[in-house]
Amino acid sequence: MKVVEVSDKQSQKQFLNVVNVIYSDDKNYVRPLDSMIEEVFDANRNTYFNHGVATRFILIRNEEVIGRVAAFVNHKKSKGFDQPTGGLGFFECINDKEAAFVLFNAAKEWLKKNQMEAMDGPINFGENDNFWGCLVEGFSQPGFGMQYNPPYYKAFFEEYGFSTYFEQITNHLDLTVPFPERFWKIAGWVVKKEGFSFRHFRIKETDKFINDFEAIYNDAWRFHENFTPIDKKVLKATMMKAKAFMMEDLIWYAYHDGKPIGFIVLFPDVNQILKHFNGKMNLWNKLRFMWMKHRKYMTRARVVILGVVPKFQRSGIESGLFWHLQGVVDKNPHLKELELSWVGDFNPKMRILQESMGATFGKKHITYRYLFNKKNNGQTKATAIPLDTKYNAHKEK
């Protein structure tokens, strides 16, 4: 077996196409667009290269590519743990443990050269809404951006020595089943309360809504472990890329006396269309995309992110956001399901909220951590977000 660092067009193509070998008989697999993968490793398009480095490897045996892996360092995050921690991602491999370990070793050695002492994986060199975690339960067709892999990957990670850093749960909401009555009572009370208002996203006001998103996110997420503020350039780029398939009224903001206090972002599950394209978005597939979108192939949506600033948590704002979404769903009866993906085990409040909505289990992913020196007693478990961040925020004043 030979490890080759991706350095030219041929190796880039081999990196992308190895999935055709691994998933040739898997009807649930949806190949991500090649352009999405390539963008992650393009320093001109991925702003994470402004504060990080990344590389890719392929594994060749008897002139056949049998696996791949990427390794990267996000300097904004890496030094925020007990030990400098890099990332491993985009791992794919045939069902051969020796081959998998060769790929893990390649990533580890590269990270060591970049002064790292641990690696998390599988993760993304970017935000955690894409390509994040190892799927261990719920091997159904993935939503757009969600990680999918064969069941045998779990054993590869754990037998190599990775341990669970955190678990990620994806729940599903059947939109043909009414929400619990208590949930709607709270929502109805909130939307009528003086001082509160709700607006959905509009493309023509993108900059305003991105500024509002930044204000909410940086307040609501500051109690998360190793928090770093949102990059507005990344956020705007994400919204522009989603423009082709987004529905403006599936993205809602909450305000109090005109100040942004919460949001929910849903995207139609474009994977229901992309599964027919084998990773390619050429002119023919662009035309097919427009036709399938018009014919309403996308019957489910993914809740990508939901957040409320600490001051207004436990005030029913989340219920108010869903109240307005319900009106959108009523006008779009082709939407049958919401995928709530994903919630980490470090976020108990969000899990409680989803249970109150009647959500049911869909999938479980695991983000693993591997310490290069097992004797250094480094951090191997994510820190839970305090249940009462509203109280903690009040104490800061």
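Everything below is about the structure shown above.
Residues numbered from 1 in each chain as written. Predicted model: local features only at pLDDT ≥ 70, side-chain atom pairs only at ≥ 80, totals over all residues. Heavy atoms only, no water.

### Let's talk about the state of the cysteines
Here, disulfide denotes a covalent bond that connects the sulfur atoms of two cysteines. Formally: Criterion for a disulfide: a pair of cysteine sulfur atoms within 2.5 Å. For every residue, the accessible area obtained with a 1.4 Å probe (protein chains only) is divided by the maximum for its type, and the residue is called buried under 20%, exposed over 50%, and partly exposed between those limits.
Summed over all chains, the structure comprises zero disulfides. With no disulfide partner, C93 has as its closest neighbouring cysteine sulfur the one in C134, 12 Å distant. Given a relative accessible area of 0%, C93 falls into the buried group. Its relative accessible area of 0% is what places C134 among the buried residues.

### Concerning the packing of helix α8 (residues 206–220) against helix α9 (residues 232–241)
The condition is simple: Angular values range over 0 to 180 degrees, each being the angle between N-to-C directions of two axes fitted as lines to C-alpha atoms, with helices fitted over their stretch in contact. To qualify as a helix, a DSSP run of H or I must reach at least 4 residues; to qualify as a strand, a run of E must reach at least 2; elements of each kind are numbered from the N terminus. Any angle between 65 and 115 degrees counts as roughly perpendicular, while under 35 counts as roughly parallel, over 145 as roughly antiparallel, and the rest as oblique. Each crossing gets its hand from how the near helix is turned against the far one by less than a right angle, where anticlockwise is left-handed and clockwise is right-handed. Contact definition: two residues touch when any of their heavy atoms are within 4.5 Å.
Taken N-terminus to C-terminus, the directions of α8 and α9 make an angle of 130°; their axes are 10 Å apart at the nearest point. What the angle tells us is that α8 and α9 run oblique. Crossing of α8 against α9: the hand is right-handed. Listed contacts from α9 to T206, D207, I210, N211, F213 and E214 of α8 are K232, L235, K236 and M240.

### A short note on the packing of aromatic side chains
To be explicit about the condition: In this scheme Phe, Tyr and Trp rings, the latter by its six-membered ring, pair at centre separations within 6.5 Å, and the angle between planes marks the pair as stacked below 30 degrees, edge-to-face above 60, and tilted otherwise. By definition here, charges over rings are those cases where NZ of Lys or CZ of Arg is within 6 Å of the ring centre and within 35 degrees of the ring normal.
Scanning the model with the defined rule gives 52 aromatic pairs in all. Here the aromatic rings of W184 and W323 are separated by 6.1 Å at their centres, their planes lie at 75°, and the arrangement is edge-to-face. Here W323 lies in helix α12 (residues 317–331) and W184 lies in helix α7 (residues 181–191), a separation of 139 residues in the sequence. Residue W323 is classed as partly exposed on the basis of its relative accessible area of 35%. With 6.5 Å between their ring centres and 90° between their planes, W342 and F346 make a pair best called edge-to-face. Accessibility assignment for this pair places W342 and F346 in one class, buried. Members of the aromatic cluster, each reached through a chain of ring pairs, are F91, F101, F104, Y152, Y153, F156, F157, Y160, F162, Y368, Y370 and F372. Over the face of the ring belonging to F15 we find R56, whose NZ or CZ atom lies 4.8 Å from the ring centre. Looking at R369, its charged tip hangs above the ring of Y165, at a distance of 3.8 Å from the centre.

### Some remarks on a nonpolar patch on the surface
Test applied: The patches reported here contain residues having more than 30% relative accessible area and no salt bridge. Joining distances are 9 Å for like charges and 5 Å for nonpolar side chains (Val, Leu, Ile, Met, Phe, Trp, Tyr). Per-residue and other accessible areas were derived by the Shrake-Rupley procedure at a 1.4 Å probe size, with only the shown protein chains allowed to occlude residues. Here a salt bridge means any side-chain nitrogen of Lys or Arg lying within 4 Å of a carboxyl oxygen belonging to Asp or Glu.
Among the surface-exposed residues, L283, W284, L287 and M290 lie close enough to one another that they form a single nonpolar patch of about 510 Å² accessible area. The topology assignment puts W284 in helix α11 (residues 283–294).

### A word on the pattern of salt bridges
A side chain with one charge may pair with a side chain of the opposite charge, provided their charged atoms come close. The final tally for this structure, using the stated rule, is 21 salt bridges. E38 is the salt-bridge partner of R56, the closest N and O atoms lying 2.8 Å from each other. With R56 in strand β2 (residues 52–61) and E38 in helix α3 (residues 34–40), this residue pair connects regions lying 18 residues apart in the sequence. With a closest N to O distance of 3.0 Å, E159 and K97 form a salt bridge. Highlighted residues: E159 in helix α6 (residues 153–160) and K97 in helix α5 (residues 97–113), separated in sequence by 62 residues. A residue is classified by how much of its surface remains accessible, and E159, at 49% relative accessible area, is partly exposed. Each of D269, R300, E339 and K363 takes part in one network of salt bridges that share partners.

Read these as spatial facts, not as claims about activity.
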